Amino acid sequence: MSGIFNKLKEGFIRETPTFQRAYKKIFRDKYLDLSSIEALEESLYEADFGVETTEEMISLAQKAFQSNGKSAPLDIAKLGAKVLTDALEGSEGVLKLDAQPSVICLIGINGAGKTTTTAKLGFQLKKDGKKVLIGACDTFRAAANEQLMSWTDRLGLEIVSSSHGADAAAVAFDSYNTAVKKEMNCLLLDTAGRLHTKTNLMEELSKMKRVLAKQNGESPHYRWLVVDGSLGSNSIEQAKVFHEHFDINGLIVTKLDGTSRGGAVVGIFRALKIPIYFVGLGESENDLRPFSIQEYVDAVFSSQEEDQ
Ligand SMILES: Nc1nc2c(ncn2[C@@H]2O[C@H](COP(=O)(O)OP(=O)(O)O)[C@@H](O)[C@H]2O)c(=O)[nH]1
Ligand SMILES: [Mg+2]
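Residues numbered from 1 in each chain as written. Chains lettered and ligands numbered in written order. Predicted model: local features only at pLDDT ≥ 70, side-chain atom pairs only at ≥ 80, totals over all residues. Heavy atoms only, no water.

1. Details of the state of the cysteines
Right, on to step 1. In total, this model carries 0 disulfides according to the counting rule given.
Right, on to step 2. Free cysteine: Cys 186, not disulfide-bonded; nearest cysteine sulfur from Cys 105 at 11 Å. (Disulfide = S-S within 2.5 Å.)

2. Here we look at the sheet that holds strand E8 (residues 288-290)
To summarise the sheet geometry, strands pair through backbone hydrogen bonds and adopt either a parallel or an antiparallel arrangement.
Right, on to step 1. Read from one edge of the open sheet, 8 strands run E3-E2-E4-E1-E5-E6-E7-E8, paired in mixed fashion. A strand with exactly one partner marks an edge of an open sheet, and here the two such strands are strand E3 (158-160) and E8. Here the strands of the sheet are splayed against their neighbours by 25° on average, with no regard to which way each runs.
Right, on to step 2. Note: strand E2 (residues 132-137) against E3, 3 bridges, orientation parallel. (Pairing = 2+ DSSP bridges. Helix = DSSP H or I, 4+ residues; strand = E, 2+ residues; numbered from the N terminus. Axes fitted to C-alpha atoms, helices over the stretch in contact; angles between N-to-C directions.)

3. Comments concerning the site of ligand 1
Right, on to step 1. The full set close to ligand 1 counts 17 residues, and Gly 111, Lys 114, Thr 116, Asp 257 and Glu 283 are the nearest of them.
Right, on to step 2. Between Thr 115 and ligand 1, the recorded distance is 2.8 Å, taken from a side-chain N or O atom to an oxygen atom.
Right, on to step 3. Interatomic distance of 2.9 Å between a side-chain N/O atom of Gln 147 and an oxygen atom of ligand 1.
Right, on to step 4. Within the complex, 79% of the 580 Å² of free accessible area of ligand 1 lies under protein. (Near = heavy atom within 4 Å. Polar contact = N/O pair within 3.5 Å; in protein donor to acceptor, adjacent residues only side chain to side chain. Areas by Shrake-Rupley, 256 points an atom, 1.4 Å probe, with all protein chains shown as cover.)

4. Comments concerning the nonpolar core
As a rule of thumb, nonpolar side chains are buried together in soluble globular proteins.
Right, on to step 1. In terms of nonpolar packing, the biggest core is built from 95 residues, with Phe 49, Leu 84, Phe 242, Tyr 296 and Phe 301 touching the most fellow members.
Right, on to step 2. Taken domain by domain, the makeup of this core includes at least three residues from each of domain 1 (3-91) and domain 2 (102-291).
Right, on to step 3. Discounting residues that sit within four places of it in the chain, Phe 49 has contacts with Phe 12, Phe 19, Leu 44, Thr 54, Leu 84, Gly 263, Val 266, Gly 267, Tyr 296 and Val 300. (Core = buried A, V, L, I, M, F, W, Y, C linked by side-chain atoms within 4.5 Å. Buried < 20%, exposed > 50% of the residue type's maximum accessible area, 1.4 Å probe, protein only. Domains from an automatic or database assignment. Contact = heavy atoms within 4.5 Å.)

5. Looking at helix H11 (residues 264-272)
Right, on to step 1. Among the 9 residues in H11, 8 count as buried, and that is most of the element.
Right, on to step 2. In the stretch just after H11, Lys 273 is the one whose phi turns positive, near 55°.

6. Quick word on the pairing of strand E7 (residues 276-280)
Right, on to step 1. Most of E7 sits out of view: 5 of its 5 residues are buried.
Right, on to step 2. The sheet contact formed by strand E6 (residues 250-254) and E7 spans 3 bridges and is parallel. Paired with Leu 251 across the strands is Ile 276, a residue of E7.
Right, on to step 3. Taken together, E6, H11 and E7 constitute a β-α-β crossover, and its handedness is right-handed. (Right-handed = clockwise from strand over helix to strand, strands pointing away.)

7. Notes on the pattern of salt bridges
Right, on to step 1. Within this structure, the stated rule accounts for 14 salt bridges.
Right, on to step 2. Residue Lys 255 is joined to Asp 228 by a salt bridge in which the shortest nitrogen-to-oxygen separation is 3.3 Å. Here Lys 255 is found in the loop between E6 and H11, whereas its partner Asp 228 is found in strand E5 (residues 222-228), with 27 residues between them in sequence.
Right, on to step 3. On the basis of relative accessible area, Lys 255 is assigned to the partly exposed category, the value being 33%.
Right, on to step 4. Of the residues examined, Asp 228 reaches a relative accessible area of 9% and is grouped as buried. (Salt bridge = Lys/Arg side-chain N within 4 Å of Asp/Glu carboxyl O.)

8. Topic: the domain arrangement of the protein
Right, on to step 1. Per the domain assignment, the segments of the protein are domain 1 (3-91) and domain 2 (102-291).
Right, on to step 2. Once you take the C-alpha centre of each, domain 1 and domain 2 turn out to be 33 Å apart.
Right, on to step 3. On the domain 2 side, the residues contacting the 22 residues of domain 1 number 26 residues.
Right, on to step 4. Buried surface at the junction of domain 1 and domain 2, both sides included, amounts to about 1,900 Å², of which 58% is carbon and sulfur.
Right, on to step 5. We note a salt bridge from Arg 270 to Glu 52, for which the minimum N-O separation is 3.5 Å.
Right, on to step 6. The tally of links between domain 1 and domain 2 comes to 8 residue pairs in polar contact (both at pLDDT 80 or more).
Right, on to step 7. Looking at the side of domain 1 that touches domain 2, the elements that each hand over two or more residues are helix H1 (6-15), helix H4 (51-68) and helix H5 (73-87).
Right, on to step 8. If you tally residues by element for the side of domain 1 that touches domain 2, the top one is H1, at 6 residues.
Right, on to step 9. Considering only residue class, the side of domain 1 that touches domain 2 consists of 9 nonpolar, 5 polar and 8 charged. (Buried area = accessible area lost by both parts, 1.4 Å probe. Nonpolar A, V, L, I, M, F, W, Y, C, P; charged D, E, K, R; others polar.)

Next comes the structure, spelled out in C-alpha cells:
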C-alpha cells in the first residue's frame, strides 16, 4: 500500500478501537461465533458504515457462520472487502482537464476543508505540469484571503483575489477571464461556507454558477462538495441542501486521517451516488489523494494482518 493511504489505515486503527478489537478477536479465535458477529456489528455502526452496509456484512457473516459454523478470519476480511467494493462501485471520480480552462468550484460548510483542499489540489496539478489559477471567492470572511494567499505564496501558485466583502460572483468572473487570458489549464475556485446564513450563501453560490455558465456554457465543469469526513454521515443531509442549489457532480472527503467515522465514506456515497474525486489525509500540501476503492478497502480490512 502506498504511503499516504497508510494515514487512513493508521487513523482507522487508532480511532476505531472497537472495530479493531472485534476484528482482532475473530483473528485470534480463528473462527466466527455469535458473539464475534455481534461485536463486529456494533463496531461497524460505531465506525459509521451505516445501516445498509452493516446489515449486508452481518447477514453474510451470519450465513457463513450457519453454513459451516466456522469461517476463517481472512474470510471475514474478504467478505467485508467484497461488500464495501460492491457498495462503492462507481465511486471513483477521475479528473480530466479537457476544457481550457477547466473550472473546479469547491463548495461546502465552514471548516470542511475547502481552502486547504484548493491549495493542495493546485499544488498537485502544478506538479503534474498543469497551469493552475486559483480564484479566492470566499469574500465573506475577513481572514479568508490571507489564509489562501499564505498557501499560494508558499506553493508558488497564481491567485486572483479581491477585497473583503466584494461580490463572490465578480471574483469568479475576473478569475475566469484571467485564466483564459493566461491560457491556464485549470481554474480552482475557493468559496465561502457560512452556515448560519444559509439562504444567502445558496444565493451567492447560484449567482456564481450563473455567471460562470454565461462565460462558458460548460463551466463550472466540476462542482465539488467538500465534506468533513470526521462528521460522518451527518454530512449527508447537508450535502442534499448544497446539491439542490449547485448540482454537485463530485465529492471530496477530508480529514480521513484521524477519524473514528471513516466508514461514513460508504454511507455518503450510497446516499448521494456522486463520485468521490479526492480524499484529504492530513494538513500538508501532499495529503490529498485520488480516491481509490481498493486503497480504502485495504485500509479498513488489512489493518490486522501485520499485527499477527
Ligand atoms: N487532519 C486534517 N485536517 C484537515 C484536512 N483538511 C483540512 N483540514 C483542516 O481543517 C481546518 C479547516 O480547513 P479549511 O480549509 O480552512 O476549511 P474551509 O472553511 O472549508 O475552507 C484547517 O485547520 C485545516 O488544516 C485533512 O484532510 N486532514
Ligand atoms: Mg475557507
